[in-house]
Amino acid sequence: MGGHARTALSAARRHLPSAGGTRQGAGVSTLLIVHHTPSPHCQAMFEAVVSGATTPEIEGVRVVRRAALSATAADVLAADGYLLGTPANLGYLSGALKHFFDQVYYPCLDETRGRPFGAYVHGGNDVTGALRALDSITAGLGWRRAAEPVTVTGEPRKADLEACWELGATVAAGLAGDA
């Protein structure tokens, strides 16, 4: 882990508020990564997020990965925090992530308020509509943003992938404080 990433991890541990307790017990929090990765660019971002979330320096966090079309309300209810990944398609979220939210919104509405989340979005040239939709849906759920979203247009550069790594590490480290 590089110096910049180590600094981000330290800052996350110091400054993120708790996620409101663990659901797994025994000192383990669960981070659910819900993603739609239809392209090599989205896949690279996803892998960087997972790498950051699973870095050995973060203990007491179980990372669960679910494709957006297979994630369920039970997955959401069992998790203490969330990372969401999507391409921006036609100025909006991917249909897969929208479907995920359609399936879990009401079953999870009251039970998941206040839980932290982070997001990463890839677009060909614009991600504004996808970010607006994510903000609207997560605000409706009452989730709180644990880190600024990572947005990338075009091919992800090294700095973009480092930002994805830091996003994963930041959200996971925030949950580690609850373990």
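Keep in mind it's a predicted model, so treat the numbers as computed, not measured.

Regarding the nonpolar core
Of all hydrophobic cores here, the largest spans 29 residues; its most connected members are Leu84, Phe100 and Phe101. Counting residues per element, the ones that place at least two in this core are strand E1 (29–35), helix H3 (73–78), strand E3 (81–89), helix H4 (95–108), strand E5 (116–123) and helix H5 (128–141). The biggest single contributor to this core is H4, with 6 residues. Ignoring any residue separated from it by four or fewer positions in sequence, one finds Leu84 in contact with Val34, Phe100, Phe101, Phe117, Gly118, Ala119, Tyr120, Leu134, Thr138 and Trp143. Phe46, Val171, Ala173 and Ala176 belong to the second-largest nonpolar core, a separate cluster that totals 26 residues.

Things to note about the packing of H4 against H5
In contact at an axis separation of 12 Å, H4 and H5 are set at 15° when each is read in the N-to-C sense. Taken together, H4 and H5 sit at an angle that is classed as roughly parallel. Relative to H5, the crossing made by H4 is left-handed. Each of Leu97, Phe101 and Tyr105 in H4 lies in contact with H5, whose residues at this interface are Leu134, Ile137, Thr138, Gly140 and Leu141. Across the contact of H4 with H5, the residue classes break down as 6 nonpolar, 2 polar and no charged.

So, how was this worked out
Residues numbered from 1 in each chain as written. Predicted model: local features only at pLDDT ≥ 70, side-chain atom pairs only at ≥ 80, totals over all residues. Heavy atoms only, no water. Core = buried A, V, L, I, M, F, W, Y, C linked by side-chain atoms within 4.5 Å. Buried < 20%, exposed > 50% of the residue type's maximum accessible area, 1.4 Å probe, protein only. Helix = DSSP H or I, 4+ residues; strand = E, 2+ residues; numbered from the N terminus. Contact = heavy atoms within 4.5 Å. Axes fitted to C-alpha atoms, helices over the stretch in contact; angles between N-to-C directions. Parallel < 35°, antiparallel > 145°, perpendicular 65-115°, else oblique. Left-handed = near helix turned anticlockwise from the far one by under 90°. Nonpolar A, V, L, I, M, F, W, Y, C, P; charged D, E, K, R; others polar.

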